[in-house]
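# Structural overview
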Amino acid sequence: MRDARIAVIGATGAVGAVTMRLLRERGHENVRAFASSRSAGTVLDGGIVVEEATPDALASAGVDLALFSVGTSASLELVPHAVRGGAVAVDKSSAYRLEPGVPLVVPEVNGPRAREHDGIVANPNCCTIPLTCVLGPLHEAAGLKRVRVATYQAVSGKGAQRLQQLLDEDPAEHDLSMDWSWDGDETDEESKIHAETRKILELPDLPISATTVRVPVPVGHAESIWVELEEPLSPEQATSILAAAPSVQLVDVPTPRASAQTDDVLVGRIRPDRASDGNGLALFLACDNLNKGAALNAIQIAELLLGDRVAA
Ligand SMILES: NC(=O)c1ccc[n+]([C@@H]2O[C@H](COP(=O)([O-])OP(=O)(O)OC[C@H]3O[C@@H](n4cnc5c(N)ncnc54)[C@H](OP(=O)(O)O)[C@@H]3O)[C@@H](O)[C@H]2O)c1
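Right, let's walk through the structure included here.

Criteria and cut-off values
- Residues numbered from 1 in each chain as written.
- Predicted model: local features only at pLDDT ≥ 70, side-chain atom pairs only at ≥ 80, totals over all residues.
- Heavy atoms only, no water.
- Helix = DSSP H or I, 4+ residues; strand = E, 2+ residues; numbered from the N terminus.
- Rg over C-alpha atoms; globule rule 2.2 N^0.38 Å.
- Buried < 20%, exposed > 50% of the residue type's maximum accessible area, 1.4 Å probe, protein only.
- Contact = heavy atoms within 4.5 Å.
- Areas by Shrake-Rupley, 256 points an atom, 1.4 Å probe, with all protein chains shown as cover.
- Axes fitted to C-alpha atoms, helices over the stretch in contact; angles between N-to-C directions.
- Parallel < 35°, antiparallel > 145°, perpendicular 65-115°, else oblique.
- Left-handed = near helix turned anticlockwise from the far one by under 90°.
- Nonpolar A, V, L, I, M, F, W, Y, C, P; charged D, E, K, R; others polar.
- Expected span 1.5 Å × (residues − 1).
- Bend = angle between axes of the 7 residues up to and from the residue.
- Near = heavy atom within 4 Å.
- Polar contact = N/O pair within 3.5 Å; in protein donor to acceptor, adjacent residues only side chain to side chain.
- 1 Å grid on protein atoms, 1.4 Å probe; cavity = no way out; pocket = protein on both sides within 12 Å on 5 of 7 lines; lining within 4 Å.
- Sits in = over half its atoms within 2 Å of the grid points.
- Pairing = 2+ DSSP bridges.
- Right-handed = clockwise from strand over helix to strand, strands pointing away.
- Salt bridge = Lys/Arg side-chain N within 4 Å of Asp/Glu carboxyl O.

To continue, consider the overall build of the chain. Counting its secondary structure elements, the chain contains 10 helices and 14 strands. In terms of C-alpha radius of gyration, the chain reaches 19 Å, essentially the compact-globule figure of 20 Å for 312 residues. Viewed in the frame of its principal axes, the chain has a C-alpha envelope of about 60 × 55 × 35 Å. Going through the 312 residues of the chain one by one, you find that 53% of them count as buried. Considering only residue pairs separated by 6 or more positions, the chain has 68% of its internal contacts joining residues 24 or more positions apart. When the accessible area of the chain is evaluated, it comes to approximately 13500 Å², of which 49% is carbon and sulfur surface.

Here it is, written out as structure tokens:
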């Protein structure tokens, strides 16, 4: 599995840089890096030279897996060429996430769905990934009836350039924002959280409401979550369920900064929802948006598919 031929497209970006590091740390050695013509020729850590991601270069790259983090329009243009060349593409943009027939995968929640791909597996939104890592086990235990979520999202979620702007700003200028496109009276980030959560959990009618907020934090998204369950579930029971859940780490107070040093979803503040008249719980999470929220989740999908190939 470790000698699989892997291409990282978008290798110079915020997510791509983390992808390259994680692949190296996990022992993948046969890795090529691609980006746009702007950074073709750049030499990355480890001496890998960035190649230009043209349709022909991707179709003839001869790789097993192509990990894309280039944005929606570039993914729409380039992913089909990598697939034409025989690669399985794991795409981190929103281009294919809701396409029927394209699996949208969080390995801990619906990993087996990845095997149903027809060349493309989609990696969910950076808030949806940690949210479903928490909702999946709670649903299995007591049935989800309703979900409300408010997010506090780091600036690196907007990419490497926006992160640099934050670091260059006077802290007195820092503010909250809602810097997404609008989809009626919601941000498109809120729409993604609804639709992707329903698809991953296979609960197409799940009532779910989200408010997404950008905060002046470099790395690490946090989320306040209120769930109503079909069956009673005490905070103590929810705590022991989540303690056993893969990629979840219980802490007293999850923070973005603490999450940025782990591969896990940090979960805490598990308590009764005092505004609920049913089986309501409130909890809080934090997760590194560049790591488990993006790069690591995609690598775990890739490793799941490569593991199948080795076992076959
Ligand atoms: N940041 C996050 O927390 C996060 C989380 C989940 C998913 N995502 C998704 O991941 C993708 C990348 O996000 P990012 O934050 O890493 O953005 P970023 O820092 O702006 O990086 C974008 C990368 O894409 C490359 N690129 C852009 N247009 C290209 C093209 N036409 N052909 C080839 N390469 C191209 C850039 O290369 P150059 O150096 O040549 O410009 C750069 O390597 C987006 O779809 C985003 O929605 C991001």
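For the rest of this paragraph, the subject is the packing of helix α5 (residues 128–142) against helix α8 (residues 235–243). Running from N to C, α5 and α8 cross one another at 120 degrees; their axes reach a closest spacing of 10 Å. In terms of their interaxial angle, α5 and α8 are classed as oblique. For the element pair α5 and α8, the recorded crossing hand is right-handed. Where α5 approaches α8, its residues V134, P137, L138 and A141 are matched on the opposing element by A238, I241 and L242. Of the residues that constitute the contact of α5 with α8, the class distribution is seven nonpolar, no polar and no charged.

Taking 1.5 Å per residue, 13 residues should reach 18 Å; helix α3 (residues 72–84) reaches 19 Å between its end C-alpha atoms and fits that length. Helix geometry: α3 is bent most strongly at L78, by close to 35 degrees, with proline P80 lying one to four residues after it. Along α3, the residues classified as buried are S75, L78, V79 and A82. Among the structural elements, α2 (55–59), β4 (65–68), β5 (88–91) and β6 (120–122) are those in contact with the buried residues of α3. One or two steps after α3, the chain reaches G86, where phi turns positive at roughly 100 degrees.

With that out of the way, let us pick up the site of the ligand. In the neighbourhood of the ligand, 27 residues make up the surrounding shell, with T12, A14, S36, S39 and A160 lying closest. Between the ligand and A14, the relevant distance is 2.9 Å, taken from an oxygen atom to a main-chain nitrogen or oxygen of the residue. One of the side-chain nitrogen or oxygen atoms of S36 is found 2.5 Å away from an oxygen atom of the ligand. For the ligand, whose accessible area on its own is 900 Å², the fraction buried by protein is 78%. The pocket occupied by the ligand, as judged from atoms lying within 2 Å of grid points, is the largest pocket. Counting only elements with at least two residues in the shell around the ligand, the list comes to α1 (14–25), α3 and α10 (291–311). Across the shell around the ligand, the residue classes tally to 12 nonpolar, 13 polar and two charged.

Moving on: the pairing of strand β1 (residues 6–9). A two-sided burial pattern is seen for β1, the buried positions comprising I6 and V8 on one face and A7 and I9 on the other. Sheet analysis places β1 next to β4, joined by four bridges and oriented parallel. By the bridge assignment for β4, I6 is matched with L65. Strand direction decides the pairing type here: β1 and strand β2 (residues 31–35), joined by four bridges, are parallel. Counted as the bridge partner of A7 is R32 from β2. Crossover β1 to β2 through α1 is right-handed.

Okay, the pattern of salt bridges next. A full pass over the atoms with the stated rule returns 12 salt bridges. Of the charged contacts in the structure, one is a salt bridge between R32 and E51, with a shortest N-O distance of 2.8 Å. Of the two residues, R32 is situated in strand β2 and E51 in strand β3 (residues 51–52); the sequence distance between them amounts to 19 residues. Assessed through its relative accessible area of 28%, E51 is described here as partly exposed. For the salt bridge of R113 with E116, the shortest nitrogen-to-oxygen distance reads 2.7 Å. In this structure E116 comes out as partly exposed when scored by relative accessible area, which is 47%. Among the ionic contacts, a cluster of salt bridges with common partners joins R113, E116 and E202.

Taken in spatial order, the six strands line up as β10-β7-β11-β14-β13-β12 in an open sheet, and their pairing is mixed. The outermost strands of the open sheet, each flanked by one partner alone, are β10 (208–211) and β12 (248–250). Neighbour to neighbour, the strand axes of the sheet diverge by 25 degrees on average, direction disregarded. With five bridges connecting them, strand β13 (residues 265–272) and strand β14 (residues 279–287) associate as antiparallel partners. Counterpart to P272 in the pairing with β14 is L281. Together, β7 (144–152) and β10 form the strand contacts of helix α7 (residues 188–201), whose direction differs from that of β10 by roughly 145 degrees.

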